[in-house]
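# Reading the structure
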Amino acid sequence: MKNSGVLWAGRLEEKPEAEAFAFQASINVDRRMAEDDIRGSRAHAAMLGKQGIIPAEIAAALDNELGRIAEELKAGKIFIDDNAEDIHSFIEGVLTERLGDAGRMVHAGRSRNDQVALDLRLYLKRVVPELQGEIAAAISALLDKAEKHIDSVMPGYTHLQRAQPVTLAHHLCAWAAGLQRDHRRFTDALARLSEECPLGSGALAGTGLPLDREETARALGFAKPSLNSMDSVADRDFALEISSACAITQTHLSRFCEDMVIWASEEFKFIDLAESYSTGSSIMPQKKNPDFAELIRGKAGRTTGNLVTLLTLLKGLPYAYDKDLQEDKESLFDSLDTVRASMRIFGGMIGSAVFNTERMEAACIGGFLEATDAAEYLVRRGLPFRKAHEAAALIVRDCINAGQKTIAERPLPELKKRSELFENDLYEMLSPAACVKARNLPGGPAPEEVRRQIKVLREKIAGN
Ligand code: ARG
């Protein structure tokens, strides 16, 4: 194959044979950065013109044509060529086809190495806020549900054993708090990657041409030009941060979905997932399966794998640019797509789910979830906690031996055998609702306190 049409024709007389060329091409992955690539080129071309590196009218023509290409791509009037090497060579190729030598001027003082480092940042600055919008929507769905279930008591679990009464609102707010931090993690990562603009770093060592790096950095929404040109083309820590934020977010979702899968079981029956978010079985006619929750749970494997892929890719890579770095995008894009799709489904699932509050409340009875409250009753009356704990534990044992399901079923004289401090007012403190109401410290499940938590979470998400 004769070597013409690729950006690096010249030194090499032969183009790699077709299969080898396709192997090193990245167009099918980096095509989604087309508008970011064009944005970077427009800023670069304008700066070249201002600096007198290329004639002003050529800079204007480049800007014009790049704008047109962006519009035509958007409108579906032209298509990205699957046989191009990458998005950078494709855009430059179209420009050159249309403008001749003017098109050939756009790459002065630039390498694809700083170009791709810029494009990926611009892409992330564009799409990560969209993903954050989905996170915010899922948080809203959780908080809307929580508001309806401020008083819906349910067992809180440790070791998947009934532990103490909480409310559904408290449980949903726990999830929302995790997602709120995920949202914030993306904000932090974006802020860091917006600090330094890599454009002008060239292949690795900058350029002798009098570029105005301050100007392009500002035009592209960065605080300043990057400090070190080798760092700019070699590092992908910003991609690692985003990939990591994706993996953490998806891990959160996988845990929430695991709760929902458990709740949807016949054994629990705490939740009735909407039919639109369930599937049937091809063999068992009675089945209604929580497939969507399971799939979100399963996809945490992908996002974890994607993070490990990127870490492994970077480990041991010699400075500065290596073609290995081209492999940075596929796993990152997959993580972004996965979290975004999962978040939408999760939000929809939560919004449409019906909670079986009677089952939840019933599950608070019989497991002695009120035992801690009985112990705290004694502490309030001056008994050292260890002794109070022991007394309550013995009472639980007495109840089990006597076939009693709750501490309240035990008459006062019997309770007094374990501690003289028990009085009649104990009985009104043992219902699940009373236990929940008493836990009104910051962070607790008491209705007033959870209302406050919802408010704080809503404010945080609005302020993000
Ligand atoms: N497609 C390449 C990438 O994604 C662009 C940079 C190519 N640079 C090079 N020296 N071959 O990394």
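This report concerns the structure included in the present document. Counting restarts for each chain: residues are numbered from 1 in the order of the written sequence. Whole-chain, interface and lining totals are the exception, using all residues; otherwise, since this is a predicted model, local features are given only for residues with pLDDT of at least 70 and side-chain atom pairs are given and counted only at 80 or more. Hydrogens are left out, water is left out, and the side-chain values use all remaining heavy atoms of the structure.

Only runs of H or I of at least four residues qualify as helices and only runs of E of at least two qualify as strands under DSSP, and these elements are numbered from the N terminus. Across its full length, the chain holds 18 helices and six strands. The quantity called the radius of gyration is restricted to C-alpha atoms. Its globule counterpart is 2.2 Å times the number of residues to the power 0.38. A compact globule built from 464 residues would reach a C-alpha radius of gyration of about 23 Å, whereas the chain, at 30 Å, exceeds it by more than 25%. Dimensions along the principal axes, computed over C-alpha positions, put the chain at roughly 100 × 55 × 40 Å. Burial classification: accessible surface area is computed with a 1.4 Å probe over protein chains only, and a residue below 20% of its type maximum counts as buried, one above 50% as exposed, and the rest as partly exposed. Buried positions account for 49% of the 464 residues belonging to the chain. Looking at the chain alone, contacts between residues at least 24 apart form 74% of all its contacts between residues at least 6 apart. Throughout, the Shrake-Rupley method with a 1.4 Å probe supplies accessible areas, and for residues the shown protein chains are the sole cover considered. Of the accessible surface of the chain, which amounts to about 22,400 Å², a share of 52% is contributed by carbon and sulfur atoms. Charged side chains of the chain number 59 positive and 69 negative; the gap between the two group centres comes to 5 Å. Contact between two residues is taken to exist if any of their heavy atoms lie within 4.5 Å; hydrogens are not considered. Residues scored as positive are Lys and Arg, those scored as negative are Asp and Glu, and His as well as the terminal groups of each chain are ignored. The location of each charge is read from NZ of Lys, CZ of Arg, CG of Asp or CD of Glu.

Bringing the pairing of strand β1 (residues 153-158) into the picture now. Sheet analysis places β1 next to strand β2 (residues 161-167), joined by six bridges and oriented antiparallel. Note that in β2 the partner of M154 across the bridge is V166. Hairpin geometry of β1 and β2 is characterised by an intervening segment of two residues between the two adjacent antiparallel strands and by a positive phi of about 55° at H159. DSSP-based pairing: two strands are paired if at least 2 bridges between them are found.

The N-to-C vectors of helix α6 (residues 112-148) and helix α12 (residues 328-352) enclose an angle of 15°; their axes lie 9 Å apart at closest approach. In terms of orientation, α6 lies roughly parallel with respect to α12. In this structure, α6 meets α12 at a crossing whose hand is left-handed. Each residue receives one of three labels: charged for Asp, Glu, Lys and Arg, nonpolar for Ala, Val, Leu, Ile, Met, Phe, Trp, Tyr, Cys and Pro, and polar for the others, Gly being one of them. A breakdown of the residues in the contact of α6 with α12 according to their chemical character gives 18 nonpolar, two polar and seven charged. Orientation is described by lines fitted to C-alpha atoms, with helices fitted over the stretch in contact, and by angles between N-to-C directions that extend from 0 to 180 degrees. Here the word oblique covers every angle except those under 35 degrees (roughly parallel), over 145 (roughly antiparallel) and from 65 to 115 (roughly perpendicular). Rotating anticlockwise by less than a right angle from the far helix to the near helix defines a left-handed crossing, while the corresponding clockwise rotation defines a right-handed one.

Right, let's talk about the pattern of salt bridges for a bit. By salt bridge we mean one thing: a side-chain nitrogen of Lys or Arg within 4 Å of a carboxyl oxygen of Asp or Glu. Overall, the coordinates contain 34 salt bridges when judged by the stated rule. The partner of K50 in a salt bridge is E215, with the nearest N and O atoms 3.0 Å apart. In this pair, K50 sits in helix α3 (residues 34-50) while E215 sits in helix α8 (residues 213-219), placing the two residues 165 residues apart along the sequence. E414 serves as the salt-bridge partner of R410, at 3.2 Å between the closest nitrogen and oxygen. Taking the relative accessible area as the measure of exposure, E414 reaches 27% and is therefore partly exposed. A cluster of three or more residues bridged by salt bridges with shared partners is formed by E65, R68, E72 and R98.

Moving on to the packing of aromatic side chains. Here a pair means two rings of Phe, Tyr or Trp (six-membered ring of Trp) with centres within 6.5 Å. Their orientation is stacked below 30 degrees between planes, edge-to-face above 60, and tilted elsewhere. If you walk through the whole model with that rule in mind, you get nine aromatic pairs. For the ring pair W175 and F256, a centre distance of 5.0 Å and an interplane angle of 15° mean the geometry is stacked. You can see W175 sitting in helix α7 (residues 168-193) and its partner F256 sitting in helix α10 (residues 237-264), a full 81 residues away along the chain. For the residue pair W175 and F256, the accessibility class agrees, reading buried in each case. Aromatic pair F268 and F270: ring centres 5.2 Å apart, planes at 80°, arrangement edge-to-face. The buried category is assigned to F270, whose relative accessible area is 2%.

Turning to the environment of L310, a few remarks are in order. Position of L310 relative to the elements: it lies in helix α11 (residues 291-314). Residue class for L310 comes out buried when judged on its relative accessible area of 0%. Ignoring any residue separated from it by four or fewer positions in sequence, one finds L310 in contact with A239, L240, S243, D328 and S331.

Attention now moves to the site of the ligand. Any residue with at least one heavy atom within 4 Å of a molecule or strand is counted as near it. Around the ligand, a shell composed of S26, D30, D86, H88, R112, N113, V116, Y321, Q326 and K329 is seen. Pairs of N or O atoms are called polar contacts if they sit within 3.5 Å, as long as, within protein, a hydrogen donor faces a hydrogen acceptor (for residues adjacent in sequence, only side-chain-to-side-chain pairs). Contacts to the ligand include D86, whose side-chain N or O atom sits 3.0 Å from a nitrogen atom. By residue number, the principal contributor to the shell around the ligand is α6, which donates three residues. Partitioning the shell around the ligand into residue classes produces two nonpolar, four polar and four charged.

Another aspect to go through is the state of the cysteines. In plain terms, two cysteine sulfur atoms within 2.5 Å form what is called a disulfide here. Enumeration according to the criterion identifies zero disulfides in this entry. Left without a disulfide partner, C257 is nearest to the cysteine sulfur of C246, which lies 16 Å away. Take C257: its relative accessible area is 0%, and that puts it in the buried class.

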